[in-house]
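A structural walkthrough
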Amino acid sequence: MKLLKASAGQAVYQDFIVAPHTSVPAKRLFNCFVVEGPVDPARLERAVRHAIATHEALRTSLDLVDGEPTQVIREPDEITEAVMTTVDWDGSTDSVAGIIRGLDNRWTVPRELSMHVVLGRAPGPRSLVACVLDHACVDGMSAETVTDLMRAEYNRPGGPPRPDRVPQFADYYADMLEDGLEIYDDWLRTLESSSPALPQWMLDLKRPSGRAWTRERELSLSDTTNERLRTLSKEYVCTPYEIVTAAVGLYFRRADGAPVRVAVTHSGRHRRHGFDVVGLLRSQVVDVVDSGRCPDVRSYLTERRDELRRRMTHFARLPVEEVCLRAGLSTGWRSGSPGPWEVELNGMYEASAPEAMDGHEVVQAPDFLEDAYCENGGTTFLLNLFLRPDRVDATLRYVDPPVSEEMAKRVGPDLESVVEFLAGDPARLLADAPAFSALAEELRPPAS
């Protein structure tokens, strides 16, 4: 067993998860798939234990030791709790959400593992496999990478697990922290020189404790928008993701002209070596967007591309939560001042097609996110971008309040309008682009 001081980010998540009135599902990752045939429970459990043995993050729990959040990392032979639960399943995808909800109590009690697997056995020749992860321990790892490993091990001939050697959080966190502290002052200057992207009335509405809800909307970018993204990325020699990042920064510009903060994450999730980024957190930056310095579209896109790349190589060496806690800044709790950012982008590569299990077809179960009560709203807007070779798909996660359903409905079309604006005359003035501040003012609730 190893005991390590939890990172600042993990400490934040731990507080979030164990708070008595917060939404546990808001910090849980899961992946569910249907196998068109029977699944051998013994073989599946062997595969689960193989995954657990492979990476420390999966056998980590966060506990208070001497009053400090601490990672408790057990060795594979120290795990005594069940790694898998078998339940009856009616064979329908509509009942998958109920099976996930059935795990709610598991996350509110002491536990040795940050993952759990449920095998649903249907009356017919179908099986459901659901893998659920505690986000606090596996930040940077997706449930998809874990289930990929489980399926590969399930299909391997028998024998004891052979865990691969992959980088572990315990191996590199100390060096990462030392490295990152060298640019700590630069981080502070970045945060202090910019403002949240939301108008003050939204921050005031979000701040008081009370009922808030995490909600999600699908954003289906049109074929025309995707073609414009491809064209712009060729013209400016960058990726469609960088163009979307620039569009979001322009859209959320402040009416008062102050530079705004937008968090940008280019995730390793779904990549072949997705395990290798667990806990690394180096890919997240706070991008300061000052559109007032750029007179037109061409100069803006060029500056955004170059500035984002500089920040990715320089500022991303220290988790922003670590900076905030060391500096005594808010990390974004609803009861405190606004956090380091209120708008976040997360770029993820498309997951590969799931591997068959014992020759039986595997079909991904539909994703779902229920409207979840959430005392701490976290980031107000989170735009998840799924980067595919021919297009970009997206979901918009938002916190209500301060974001109403009507406001959320219009953000997606507005962002497409910004992409259209950027794809037009490169000499156009940026002031003519659609702005979220106008939408917020239009839908501002009357003062009570």
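Residues numbered from 1 in each chain as written. Predicted model: local features only at pLDDT ≥ 70, side-chain atom pairs only at ≥ 80, totals over all residues. Heavy atoms only, no water.

Looking at an unreviewed UniProt entry, one finds the protein named Condensation domain-containing protein, with Streptomyces pharetrae CZA14 as its source organism.

**Side note on the environment of Thr302**
Test applied: Here a strand is any run of E in DSSP of at least two residues, a helix any run of H or I of at least four, and the numbering for each starts at the N terminus.
Considering the arrangement of structural elements, one finds Thr302 in helix α11 (residues 297–314). Spatially, the C-alpha atoms of Thr302 and Val237 are 9.5 Å apart, while their sequence positions differ by 65 residues.

**Description of the nonpolar core**
Formally: The nonpolar core is taken to be a set of buried Ala, Val, Leu, Ile, Met, Phe, Trp, Tyr and Cys residues, with the residues joined through side-chain atoms within 4.5 Å. Note on classification: 1.4 Å probe, protein chains only; a residue is buried when its accessible area is under 20% of the maximum for its type, exposed when over 50%, partly exposed between these limits. By definition, residues are in contact when any of their heavy atoms lie within 4.5 Å.
Within the largest apolar cluster, 55 residues are counted, with the highest numbers of intra-cluster contacts made by Phe381, Leu383, Leu422 and Phe436. In this view, Leu383 contacts Leu219, Val244, Val248, Glu344, Leu345, Asn346, Ala394, Thr395, Leu396 and Leu415; residues no more than four positions away in its chain are not counted. Counting 34 residues, the second-largest nonpolar core is a separate cluster that includes Val35, Ala47, Val48 and Ala57.

**A few points about the confidence of the model for the protein**
Our working rule: pLDDT is a residue-level measure of predictor confidence that goes from 0 to 100.
Put simply, the protein has an average pLDDT of 84, and 83% of its residues get 70 or more. Low pLDDT, under 50, characterises residues 20–24; the stretch is placed with 14 contacts to residues that sit more than four places away or in other chains.

**Re the sheet that holds strand β3 (residues 60–65)**
The following threshold applies: The pairing criterion is simple: DSSP has to find at least two bridges between the two strands. Interaxial angle, 0 to 180 degrees, is taken between N-to-C directions of lines fitted to C-alpha atoms, where a helix line uses only the stretch in contact.
Strands sit in the order β1-β4-β3 across an open sheet of three strands; the sheet is antiparallel. Strands with a single pairing partner mark the edges of an open sheet, and in this sheet they are β1 (2–5) and β3. For this sheet, the mean inter-axis angle between neighbouring strands, taken without regard to orientation, is 35°. Bridging between β3 and strand β4 (residues 68–73) involves six bridges; their strand directions are antiparallel. Note that in β4 the partner of Leu64 across the bridge is Pro69.

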